[in-house]
Every structure is written in structure tokens, then in C-alpha cells.
Amino acid sequence: MPSIKLASLGRNAGEQILLSAVEQKRLQISRNTEAKKKSQFGQFLTPERTSTFMASLFPDATGHCRLLDAGAGIGSLSVAFLERWRQGGFHFQNIELDAFEVDSSLHPYLLETLNKYNHDNNFSIRIRGEDFIHAAVGSLSGNLFAEVLPDYTHVILNPPYRKINSKSAHRLALRRVGIETVNLYSAFVALAVELVSPGGQIVAIIPRSFCNGSYYRPFRDFILERAAIQHLHLFESRSHAFKDDNVLQENIIIRLERGGQQGSVKVSTSIDDTFTSLTIHEHPFERIVLPDDPGQFIQVPTSLGKNSLELSPAIRYTLTDLDLKVSTGPVVDFRLKEHLRAMPEPGTVPLIYPRHCRSNGITWPLKGMKKPNAIERNADTEKWLYPSGCYCVVRRFSSKEEKRRIMATVVAPENFGNVAVLGFENHLNLFHQNKHGLPRVLAHGLALFLNTTAVDENFRRFNGHTQVNATDLRVMKYPSLDALVGLGEWAMQQGELTQTMIDAQLETLSE
């Protein structure tokens with residue numbers, strides 16, 4: 001279907017005044033709250049325009065609405081939902097709101113905001129100061145001493161963003177109801193799915209990190225088994241969703257339907273939280289979660305047409321098919337600190353960091369580098385070293401707004417002189433054959449393929465942060481060995497490669 005420009009979300013004067021008052025209060029609180037406290041609670045208050053957009057994603061409904069706002073802050077999301085109702089966007093007979101907020105200092109603002117709606121018999125509110133996770137787990141687990149929460153029909157969420165320690169009270173509580181996850185935000189979403197009635201609607205703004213990687217695999221399984229993804233919204237800029245709090249995090253807005261039949265998924269994008277550039281496409285679910293992906297990565301295609309990697313019949317092999325492996329660099333420098341040396345000396349071998357990796361190869365050693373250039377070879381370090389040879393390495397981290405995520409470099413033995421083994425630092429991923437080097441032409445072909453624009457764009461469909469994990473590289477599809485060798489032979493015959501040359505050469509695989 002063609003791209004659709006969504007109409008702006010109109011508001012009348014009364015709605016504008018109330019929402020703007022809440023927004024002014026949010027900005028004031030954000031400016032006056034210490035960064036330490038924001039980190040402690042992991043909560044960043046939702047801007048007005050984002051709140052309004054999130055409320056607009058719910059389908060119209062009638063009857064009795066039981067609304068949950070967990071991590072309610074000062075009520076920005078609840079107000080946006082209630083204003084849509086007051087303006088005829090919903091046709092509920094009444095709304096019952098449960099607003100959870102563990103930070104008691106926000107309760108006066110929350111009460112002041114929501115009491116403006118508490119003048120009719122068709123609206124009631126409960127502001128709950130208890131911990132949402134413990135309250136939800138108590139209700140779901142049948143704890144005789146816990147209050148039974150209602151079956152909510154709607155949930156609107158900006159959950160806290162903070163890691164959960166594996167032995168924390170939250171992690172142990174979540175396991176009692178079958179939820180295994182590593183962050184408060186995913187815990188809140190999983191509990192919301194469990195608390196809503198069949199057909200219940202959930203709209204949440206959360207980090208995009210759950211879309212890929214092994215840490216969030218149990219969470220993805222949990223959600224996909226219980227709910228249908230109806231809508232995904234992606235902000236093209238990582239710095240705008242919570243720009244007042246200086247949050248550099250790629251966020252996504254997701255709408256889920258509990259027990260819904262999974263069909264096509266609407267995917268919308270905007271440059272920032274003004275939503276003036278909003279476009280929407282509809283994609284079959286097979287493009288969101290690939291049928292042959294054992295990790296169930298959630299892809300977010302940003303254009304209607306398939307990219308060259310999807311279209312090419314030549315790019316369909318796994319690393320297992322190719323008898324190749326990719327691993328995280330095994331040398332964790334702070335654990336081997338006593339064996340590290342600033343520069344090479346007798347008894348040491350090269351230690352390769354991302355700083356040594358350039359587009360045209362390895363530059364080693366680097367004088368004046370803050371990190372060491374070498375590591376002693378001895379009984380304590382031997383098991384962390386690889387035999388000298390040709391390897392293809394990919395940096396695990398890119399800088400915050402760097403254009404490319406995947407940056408591959410060929411490591412060749414002549415870069416280091418006559419050495420028997422090499423050290424690869426933990427911030428690199430390396431492709432190898434059973435912990436040995438690759439044929440030279442294969443290493444060059446693999447690096448060329450990984451450095452194409454098509455690979456980088458395809459990778460961004462499921463990876464929303466700056467980290468490139470070995471797991472992510474394992475789930476990708478690759479050309480055949482013969483094709484990679486052909487790319488390598490071509491690359492080795494050229495001088496300096498430009499991005500245009502690299503991308504053009506990939507196209508020859510489809511010819």
C-alpha cells in the first residue's frame with residue numbers, strides 16, 4: 001500500500017489548555033529533579049505531544065474502561081487518554097483509572113491533574129503509591145494477602161528504564177508469575193499483558209533494545225505467545241523522544257492486543273516528537289518476525305519495498321551453513337590488567353582494540369593510545385589468544401550518532417610481524433573457523449559484504465542501539481562461500497574502496 005501521511009491530531013482550546021498546563025509542570029519537574037533521582041527511579045516523564053500520539057493509537061471502544069497507567073508520573077499519559085475520551089475519540093460510558101506511582105513526591109501533582117476530571121459520576125481514580133511489580137505479582141500469583149487487581153481493558157505506559165539484578169526482589173517476584181527479563185521496562189509491559197482482559201489494548205513507549213539479542217529472548221517469547229503486535233512507531237532521531245532529560249536512547253512505541261489474532265502490522269515513523277513528518281506503512285507479520293528466525297528478533301522495516309538483501313536469492317546462508325563462527329573478543333582488559341603492556345616488548349603479543357581498526361586495515365601499534373597495545377603471552381593468558389592469521393573483525397560499539405553500526409576490518413598477519421598468536425579485546429567481534437584464521441580472500445569478501453549499506457540498513461531493522469553483538473551477527477544471512485570469495489578477490493585487486501564501489505559490487509551477486 002502507498003505511504004500515508006497521517007492527519008495532525010486536532011485539539012480544541014480547553015484540551016490544549018489542560019495538556020499544556022501538564023506539560024509546563026513536566027518541564028519544571030524535569031529541570032528541578034536531580035539526575036541521580038531520575039536514575040534511581042528510572043522514570044522520565046512523557047512529553048505532551050508523545051502522550052497525545054500514544055493515546056491516538058488506541059482503537060475506539062465503548063462500554064466500561066478500566067485503565068492502567070503504571071509509572072504515572074504527573075499524569076501526562078492519563079490526561080491524553082482522558083482528553084481523547086472527553087473530545088469524543090472514545091465512546092466509553094465510564095472510565096475507572098488505576099494510576100501507580102511509587103515516587104510519593106509526584107502524588108500532589110498527579111492528584112491535582114486527575115481531579116480535574118473527577119466531577120462526574122462516570123470517572124473514578126485510584127492513585128496507588130505501592131510498587132507496581134510487587135502489587136501485580138501479588139494479584140497474579142493468588143497471594144491471599146494481596147489485593148486483586150481488576151482485569152484492565154486498556155493500559156498506557158511509559159515504564160521505568162533500569163536494569164534488574166538477577167538476585168533482586170523484583171527478579172525473584174517476576175519469576176513467580178513466569179516472567180524472566182532484565183529490565184524494569186520489559187517487566188512492566190509483561191505484567192500489563194498478564195493483567196489485561198482478552199482483547200485488552202496496551203500502548204507503551206519503551207527502549208528498542210528488546211527487539212533483538214539473547215537477553216530479551218524470554219521477554220519476546222512471552223509477549224508473542226500472549227499478544228498480537230498491532231502497531232510499531234519508530235523515532236528516526238535517538239535524541240528527541242526525551243530530549244528534555246538528555247536521554248540518548250532509541251525508543252519505540254508499541255501497541256499490543258492481548259490474545260489478538262496476529263495479522264499485518266502498522267509501522268509508522270517520524271523524525272522526532274513533533275510528528276510532522278509522520279508516515280505509516282502496513283507490513284505482513286512475516287516481515288516483522290522472520291519465520292525462520294529462532295531468536296524471534298522483531299524487525300522494524302521503515303520502507304514498504306523489500307531491500308536488496310531480502311530480494312537477493314544469493315544471500316540466504318547462515319554462518320553454520322558456511323562453517324564459520326563469530327565470537328566476542330575474549331580479552332577483558334581489566335581482568336588481565338597485570339599482563340598488559342603499553343607497547344610491544346619481548347614476551348608480548350599484539351592486543352587489538354577497536355582503535356586499531358581502520359577502513360583500509362589495521363594500524364598497530366598506536367603510540368600515545370590510552371589503551372595497551374600488547375599483552376604478555378604466558379600460562380595465564382594463553383587460553384585467551386588466537387593463532388596468528390587472517391580474521392574479519394567488527395566493532396561491538398559505535399558512537400552515539402555514528403552513521404554506520406556495522407564496521408568490518410580485515411586483520412592480516414603481516415600487520416604484526418612474526419608473531420604466533422594474537423589478542424582480541426572484548427569490544428571486538430571476530431569471524432573465525434574453529435578459533436583459527438580465515439582464508440585471506442574469504443576475510444576480505446566477508447568484510448566487503450558487512451561494510452555494504454544494504455547490510456547496515458538491514459541490521460538497523462532489528463537493532464536499535466549502538467551495540468553489535470555476536471548474536472546479532474549470527475542471525476544474519478550471508479552470501480555463499482564462493483560468492484564471498486569472489487567479493488574478496490575483487491576487493492583485493494582494487495586500491496582504496498569507496499562506499500559506492502562496495503555497494504555496487506554487492507549488486508553483482510543478484511545478476
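In this text the structure is predicted, and so the values were computed from the model without any measurement.

Caption draft 1: Structural detail: the nonpolar core. I95, F132, L191, F210, L232 and L256 are the most contacted members of the largest nonpolar core, which has 83 residues in total. Here the element with the most residues in this core is helix α8 (residues 184-195); it accounts for 10 residues. Those residues within four positions of F210 in sequence are excluded, and the remaining contacts are Y185, Y216, F219, R220, I252, I254 and I298.

Caption draft 2: Representation of the environment of M343. Among the structural elements, M343 can be located in the loop between β12 (340-341) and β13 (348-352). In this structure, the C-alpha to C-alpha distance between M343 and N373, residues 30 residues apart in sequence, is 5.2 Å. Filtering out sequence-adjacent residues up to four positions away, M343 remains in contact with P365, L366, K367, N373 and A374.

Caption draft 3: Quick peek at the pattern of salt bridges. Under the criterion given, the structure shown has 21 salt bridges. Between R208 and E250 there is a salt bridge; the shortest N-O distance is 2.7 Å. Pair noted here: R208 is in the loop between β6 (196-207) and α9 (217-226) and E250 is in the loop between β7 (227-235) and β8 (251-258), with a separation of 42 residues, a long-range link. Judged by its relative accessible area of 7%, E250 is buried. With its nearest N and O atoms 3.4 Å apart, the salt bridge here joins E250 to R405.

Caption draft 4: Focus on unusual backbone geometry. Here the bond from W364 into P365 is cis, since omega is -10°, no more than 30 degrees from zero. With respect to the secondary-structure elements, P365 resides in the loop between β15 (361-362) and β16 (374-376). Unusually for a residue other than glycine, D323 sits at a positive phi of about 60°. For D323, the position within the fold is in the loop between α11 (308-311) and β11 (325-328). Among the residues examined, D323 registers a relative accessible area of 53% and is labelled exposed.

Rules and cut-offs
What you see as residue numbers is a count from 1 along each chain, following the sequence as written. Totals for whole chains, interfaces and linings use all residues, but because this is a predicted model, local features are given only for residues with pLDDT of at least 70 and pairs of side-chain atoms are given and counted only at 80 or more. Computation of side-chain values covers all heavy atoms of the structure but excludes hydrogens and water. For the purposes of this section, nonpolar cores are sets of buried Ala, Val, Leu, Ile, Met, Phe, Trp, Tyr and Cys residues that join through side-chain atoms within 4.5 Å. The classification of residues rests on relative accessible area computed with a 1.4 Å probe and restricted to protein chains. Under 20% of the type maximum is buried, over 50% is exposed, and intermediate values are partly exposed. The numbering of helices and of strands both runs from the N terminus, where a helix is a DSSP run of H or I of at least 4 residues and a strand a run of E of at least 2. Contact between two residues is taken to exist if any of their heavy atoms lie within 4.5 Å; hydrogens are not considered. Should a side-chain nitrogen of Lys or Arg be within 4 Å of a carboxyl oxygen of Asp or Glu, the pair is scored as a salt bridge.

By themselves, these observations are geometric and do not establish any function.
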